[in-house]
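The primary structure of each chain is shown beneath.
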Amino acid sequence: MSSGILEVIWGMSADMSDKVTFELNGQTVEAEPGETIWQVANRQGVEIPHLCYAPEPGYRPDGNCRVCMVEIEGERKPACVVESVSRFLR
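A brief structural summary. (Residues numbered from 1 in each chain as written. Predicted model: local features only at pLDDT ≥ 70, side-chain atom pairs only at ≥ 80, totals over all residues. Heavy atoms only, no water.)

What to know about the nonpolar core
So, step 1. Of all hydrophobic cores here, the largest spans 18 residues; its most connected members are Phe22, Ile37, Trp38, Ile48, Cys68, Val70 and Ala79.
So, step 2. Here this core takes four residues from helix 1 (residues 37-43), the largest share from any one element.
So, step 3. Among all residues touching Trp38, those that are not within four sequence positions of it are Ile48, His50, Tyr53, Pro55, Cys68, Ala79 and Cys80. (Core = buried A, V, L, I, M, F, W, Y, C linked by side-chain atoms within 4.5 Å. Buried < 20%, exposed > 50% of the residue type's maximum accessible area, 1.4 Å probe, protein only. Helix = DSSP H or I, 4+ residues; strand = E, 2+ residues; numbered from the N terminus. Contact = heavy atoms within 4.5 Å.)

Topic: unusual backbone geometry
Glycine aside, residues mostly have negative phi, and peptide bonds are mostly found in the trans state.
So, step 1. Residues other than glycine seldom take positive phi values, yet Asn25 does so here, at roughly 55 degrees.
So, step 2. Looking at the element boundaries, Asn25 is found in the loop between strand 2 (20-24) and strand 3 (27-31).
So, step 3. Although it is not a glycine, Arg66 adopts a positive phi angle of roughly 65 degrees.
So, step 4. Tracing the sequence through the fold places Arg66 in the loop between helix 1 and strand 4 (69-72).

Here is the structure:
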């Protein structure tokens, strides 16, 4: 991808409580409900730059810095706040 933006393509999930499958830079990955794209990418060894997010318990990212932008179906979103849940798949 020439823009340097991480590409996320949503898959399908049968139920809100199910794991969500989506494509992250051409690789199929699974996410737990409520897990952010940043968390999934980090777990997969994909580094997404970030400033306003810290992977600490109880920390709530706000996405204001916009450093962790990813592309989701043509739209750019901050990976630290976008949960990879099936609400995006409807």
